[in-house]
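Chain by chain, the residues run as shown.
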Amino acid sequence: MIKEALDQVISEDMADIWSVLSPEEKRLITDRFQLHTFKKNQIIYAENDRPEFLFILLKGKAKLYKDGAGGRSQILRLIRPVQYFGYRAYFAGEPYVHTAAAMEASEVGIVPLEVVKTLIENNPKVMWFFIHELARNLGSADTRTVNLTQKHIRGRLAEALMVLRDQYGYEADGITLRMYMSREDLANFSNMTTSNAIRTLTAFVNERIIVVDGREIKILDESLLRKISKYG
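Along each chain, the written sequence defines residue order, and numbers are assigned to residues from 1. Given that the model is predicted, a residue must reach a pLDDT of at least 70 before its local features are reported, and side-chain atom pairs must reach 80 or more before they are shown or counted; all residues, however, enter totals for whole chains, interfaces and linings. To get the side-chain values, take all heavy atoms of the structure and skip hydrogens and water.

Novice: What am I meant to see in empty space enclosed by the protein here?
Specialist: A water-sized probe, rolled over the atoms, reveals where empty space remains. Cavities and pockets were defined on a 1 Å grid built over protein atoms only: a cavity is a set of grid points that admits a 1.4 Å probe from which the probe cannot escape, a pocket is an open set flanked by protein on both sides within 12 Å along at least five of seven lines, and lining residues are those with an atom within 4 Å of any such point. Grid points are joined across faces, edges and corners, and a volume is the space filled by probe spheres set on the points. The final tally for this structure, using the stated rule, is two cavities of 30 Å³ or more. Approximately 40 Å³ is the volume attributed to the second largest cavity. Residue classes in the lining of the second largest cavity are distributed as six nonpolar, no polar and one charged. Think of it as three bins: nonpolar holds Ala, Val, Leu, Ile, Met, Phe, Trp, Tyr, Cys and Pro, charged holds Asp, Glu, Lys and Arg, and polar takes everything else, Gly as well.

Written as structure tokens, this is what we have:
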């Protein structure tokens, strides 16, 4: 029963890669697949760890971040279900250059990277899947680097809110972001100090672009927020 349930989780949540695998390759994954749970703020892997596993976020939310000067962190990327992470360093032959942590209670599927290597060596479709993922992530990282260094504070925070909206969507009311970040995390994601993030959020509230209630953010004027994000 446990294996049947696990097979169902893999085939439903990993359908994008599952469809290109042969029955033997599917068995190779199911035999080595593990399901782990992480509490809020729990580290999934740490900077300088040796990469051993491909991680697939099945439920919850996670972040990839790097500690910088003065103990300040920079959130590099947000992970949503169902996204793969933790494999770039393995392909590069180096330790992790960032840390991954759960942002809320999360379920993460884990597959040994040696299994992934075997699949890539024997199945060109798997190889192209990961090339596509790496290329897309690289393009997003390049764009975000330019935006974080060239946009003004308002543009950076507006972009961060739009990324949250595009990644996680709205609650049932159609305006509340389905992501509840601390002010510190929001600042770290926007490349600004926490005080600047708070001031800019307050300015958006005063302009009736958003409504803020604790960690809950409602977007009242999405088109204007996207305009601020675009033109910075």
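Novice: What should I look at first to understand a nonpolar patch on the surface in this one?
Specialist: Patch membership is restricted to residues that have no salt bridge and whose relative accessible area is over 30%. Joining uses 9 Å for like charges and 5 Å for the nonpolar side chains Val, Leu, Ile, Met, Phe, Trp and Tyr. Areas reported here follow the Shrake-Rupley algorithm with a probe of radius 1.4 Å; residue values treat only the protein chains shown as occluding. When a carboxyl oxygen of Asp or Glu lies within 4 Å of a side-chain nitrogen of Lys or Arg, that pair is called a salt bridge. A cluster of nonpolar side chains, Met127, Trp128 and Ile131, forms an exposed patch at the surface whose accessible area comes to about 300 Å². Under the scheme used here, helices are H or I runs from DSSP no shorter than 4 residues and strands are E runs no shorter than 2 residues, and both carry numbers assigned from the N terminus. Checked against the element boundaries, Met127 lands in helix H6 (residues 124–150).

Novice: What's the story with the environment of Ile210 in this structure? I'm lost.
Specialist: Within the secondary structure, Ile210 is located in strand E9 (residues 210–213). Contacts are assigned to residue pairs with any non-hydrogen atoms lying within 4.5 Å of each other. Among residues more than four places away in sequence, those in contact with Ile210 are Leu161, Leu201, Phe204, Val205, Ile217, Lys218, Ile219 and Leu220.

Novice: Hey, could you run me through the environment of Glu171 in this one?
Specialist: With respect to the helices, strands and loops of the structure, Glu171 is situated in the loop between helix H7 (153–168) and helix H8 (183–190). Note on classification: 1.4 Å probe, protein chains only; a residue is buried when its accessible area is under 20% of the maximum for its type, exposed when over 50%, partly exposed between these limits. Using a relative accessible area of 27% as the deciding quantity, one classes Glu171 as partly exposed. When the C-alpha positions of Glu171 and Tyr90 are compared, they lie 36 Å apart, and in sequence the two are 81 residues distant. Setting aside anything within four residues of it in sequence, one finds Glu171 in contact with Thr176, Leu177, Arg178 and Tyr180.

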